[in-house]
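One-letter residues, chain by chain:
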Amino acid sequence: MTKQAAGHLIVECLIEQGVEFAFGVPGESYLAVLDGFHAYRDKVRFIINRQEGGAAFMAEAHGKLTGRPGICFVTRGPGATNASIGVHTAFQDSTPMVLFVGDVAADMRDREAFQEVNYLTFFAPLAKRVERIDDAKRIPEYIARAFATAMNGRPGPVVLVLPEDMLTHEVDVAPLPRVDAVEAWSDPGSLRKLREMLLASARPLVIAGGGGWTMQSAQALQRFAENWKLPVGNAFRFQDTFDNHHPLYAGDVGIGLNPKLAARVKDSDLIIAIGPRLGEMTTGGYTLLEAPRPRQKLVHIHSSAEELNRVYNADLAINSTMNAAARSLEVLTAPVSLPWEEWSRACNADYLANLEPQKLPGDIDMPAIVAVMKKLLPADAVLTNGAGNFASWMHRFFKHHGLVKGLKTQLAPTVGAMGYGVPAGIAAAITTGRVALTMAGDGDFLMNGQELATAVQHGAKSIIVLLNNGMYGTIRMHQERDYPTHVSGSQLHNPDFAALARAYGYAGVRITKTQEFEPEFAAALARAEGTVIEVMLDQEVITTRGTLGAITDAALKR
Ligand SMILES: Cc1ncc(C[n+]2csc(CCOP(=O)(O)OP(=O)(O)O)c2C)c(N)n1
Ligand SMILES: [Mg+2]
């Protein structure tokens, strides 16, 4: 074997793991890796970002899309701390990701050298694992372990710290072969018990979501639901798991939840949660399912044993990956007639009724705008968003096809991190070439708007529908509820977003009326470069269901 620098070996190991894209912001701490990207530029594209938060979000989005770790490279202290938002997002969203951090050289360590941070303690509560590679000969071992750790069980982020001096050592070791996530299979006894619980139930409801779904497992889930005529809800921000057009679809169990679906979750006598973590947002703040012991019978199927019986004491906990779970469930034989057929029909009817919009004031009709998106977007378009009330229009009114078609179409942070949507959309556009549509708020957009430069530099386009209501509307809504009329810290004085977009090389337009949207959206789909469509939204239109004034009035009457 010929010797090569550790920095080159790292890139070679990534290629062996199937990596084609890495994201990052350079630093002098890892020049030897940058040189590795130069050496292997035909095999892997290093996407240069403008802020590590944007880079880490792109890597996280890539991990969500592909099910394999998204890769991000950043420099020490300031770079690593900027990137931490993406690491935390990958953690709460259970997304496989590996963050590489260029570090101070070993002979400087522990003096609080320039930009030095102790990553083991800094990332300890944010990452599944943090390790430092001190010996260049062991790079293949550390990288293979990072991939295995990021994907196995409950997926999540791993941080690998790279001392600067180590990266220039010459070594003659070969990469370890590609690792894949291990499958965990449900045991036959548990499946028999699940079948008995189903037979004993009157109002069962499936909640599907989380990572690890493939086309095969989603198809198997659909067959299980069809065999047993089970209503299926998708967990918060996993709206692309089960086909929203299917007659068994019950809606998404997330923020801004359909009150009728909330009632059905409470009223169900058997919840079968397949994949999701059952976090605060999917459980209505632990009220739809009361923690730690829900009133409903609970079957929880999750890829990580640690996640089971952690928050919820389940009646039946099954440790299984989605592929194995769905394929086991689809062969559970169902009786010819089931007592809950009417219940399942009613769940779907509630979902369909919830697609009927409320009448809200102003010249912008958001449900009509989402309907135009649905009409004009190709079925495989990727929809992304960050955090804010603006996202609820898409969440409530857009219908995803579900992974039965094999492609993820929603990239949204269950962690509720603002600033996620713009980089996630750009990452999806760069890595898949599919149409990427981002819904953003005026607050949310500016958290990572600088990444438009990244899109333009890498020849990618995204379409951003920016809802400008001149405020951190979500916070204002909470403010009016708890401190009516005391507006504090939630108003925004905004730049000219359309002009800002144009400065980056995107097209930029502003609309003030619903009818203006369709031609602008069609033009955005047709043009080669990305587009920001700024939609001027009345402050009164605060949620999909009601006005800000109504919230204030209700609070003042209390
Ligand atoms: C990184 C981050 N910072 C702060 C928050 C708290 N937060 C949640 S929503 C929100 C306001 C979002 O404003 P905007 O994007 O304008 O959307 P709107 O609610 O007005 O639709 C804030 C500040 C957050 N979720 N994430
Ligand atoms: Mg806003």
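Residues numbered from 1 in each chain as written. Chains lettered and ligands numbered in written order. Predicted model: local features only at pLDDT ≥ 70, side-chain atom pairs only at ≥ 80, totals over all residues. Heavy atoms only, no water.

Asker: Just checking my understanding: could you explain the packing of aromatic side chains for this structure?
Answerer: Two aromatic rings are characterised by how far apart their centres lie and by the angle between their planes. Per the stated rule, a full pass over the model turns up 14 aromatic pairs. For the ring pair phenylalanine 37 and phenylalanine 46, a centre distance of 4.4 Å and an interplane angle of 5 degrees mean the geometry is stacked. Residue phenylalanine 37 shares its accessibility class with phenylalanine 46, and that shared class is buried. An aromatic cluster is built from Tyr30, Phe37, Phe46, Phe73 and Phe100, whose rings are joined through pairwise contacts. Across from the ring centre of tyrosine 142, 4.9 Å away, lies the NZ or CZ of arginine 145, which sits over that ring. (Phe/Tyr/Trp six-rings, centres within 6.5 Å; stacked < 30°, edge-to-face > 60°. Buried < 20%, exposed > 50% of the residue type's maximum accessible area, 1.4 Å probe, protein only. Lys NZ or Arg CZ within 6 Å of the ring centre and 35° of its normal.)

Asker: It is not clear to me how a nonpolar patch on the surface should be interpreted in this structure. Could you clarify?
Answerer: A cluster of nonpolar side chains, namely Met447, Tyr472 and Ile475, defines an oily patch on the protein surface of about 260 Å² accessible area. Relative to the assigned elements, isoleucine 475 resides in helix α17 (residues 473-482). (Patch = residues over 30% accessible without salt bridge, like charges linked within 9 Å, V, L, I, M, F, W, Y side chains within 5 Å. Areas by Shrake-Rupley, 256 points an atom, 1.4 Å probe, with all protein chains shown as cover. Salt bridge = Lys/Arg side-chain N within 4 Å of Asp/Glu carboxyl O. Helix = DSSP H or I, 4+ residues; strand = E, 2+ residues; numbered from the N terminus.)

Asker: Explain the site of ligand 1 here, please?
Answerer: For ligand 1, the set of nearby residues contains 17 residues, the closest of which are Gly416, Asp442, Asp444, Gly473 and Thr474. Within the contact set of ligand 1, an oxygen atom lies 3.2 Å away from a backbone nitrogen or oxygen of asparagine 389. Contact between ligand 1 and aspartate 442: an oxygen atom at 2.6 Å from a side-chain N or O atom of the residue. Considering ligand 1 on its own, with 580 Å² of exposed area, one finds that the protein chains cover 77% of that surface. Contributions of two or more residues to the shell around ligand 1 are made by α15 (442-448) and α17. Among the elements that make up the shell around ligand 1, the one with the highest residue count is α15 (four residues). Per-class residue counts for the shell around ligand 1 are seven nonpolar, eight polar and two charged. (Near = heavy atom within 4 Å. Polar contact = N/O pair within 3.5 Å; in protein donor to acceptor, adjacent residues only side chain to side chain. Nonpolar A, V, L, I, M, F, W, Y, C, P; charged D, E, K, R; others polar.)

Asker: Help me understand unusual backbone geometry in this model?
Answerer: Generally, phi is negative for residues other than glycine and the peptide bonds are trans, each holding for most cases. Here alanine 291 and proline 292 are connected by a cis peptide whose omega angle stands at 0 degrees. Along the polypeptide, proline 292 turns up in the loop between β12 (270-274) and β13 (297-302). Of note in the backbone geometry, serine 94 takes a positive phi value of approximately 55 degrees without being a glycine. With respect to the secondary-structure elements, serine 94 resides in the loop between α4 (77-92) and β5 (97-103). On the basis of relative accessible area, serine 94 is assigned to the buried category, the value being 11%. One non-glycine residue, leucine 278, lies in positive phi territory at about 55 degrees. Secondary-structure assignment places leucine 278 in the loop between β12 and β13.

Asker: Looking at this structure, how should I read the pattern of salt bridges?
Answerer: Any two side chains of opposite charge can pair, given that their charged atoms come close. Inspection of the entire model under this criterion finds 25 salt bridges. For the salt bridge of glutamate 290 with arginine 295, the shortest nitrogen-to-oxygen distance reads 2.4 Å. Relative accessible area serves as the criterion here: at 51%, arginine 295 is assigned to the exposed category. Between arginine 293 and aspartate 315 there is a salt bridge; the shortest N-O distance is 2.9 Å. In this pair, arginine 293 sits in the loop between β12 and β13 while aspartate 315 sits in the loop between β13 and β14 (316-319), placing the two residues 22 residues apart along the sequence. Because the salt bridges share partners, they merge into one network encompassing Arg129, Glu131, Arg138, Glu141 and Arg145.

Asker: How should the packing of helix α12 (residues 366-376) against helix α19 (residues 517-526) be read in this particular structure?
Answerer: Between two packed helices, the angle of one axis relative to the other and the distance separating the axes together describe the packing. One way to put it is that α12 packs onto α19 with a least axis distance of 10 Å and a crossing angle of 35 degrees. Judged by the twist between their axes, the crossing of α12 over α19 is right-handed. Mapping the contact onto sequence places Ile369, Val372, Met373, Lys375 and Leu376 in α12 and Phe517, Glu518, Phe521, Ala522 and Leu525 in α19. Grouping the constituent residues of the contact of α12 with α19 by class yields eight nonpolar, no polar and two charged. (Axes fitted to C-alpha atoms, helices over the stretch in contact; angles between N-to-C directions. Left-handed = near helix turned anticlockwise from the far one by under 90°. Contact = heavy atoms within 4.5 Å.)

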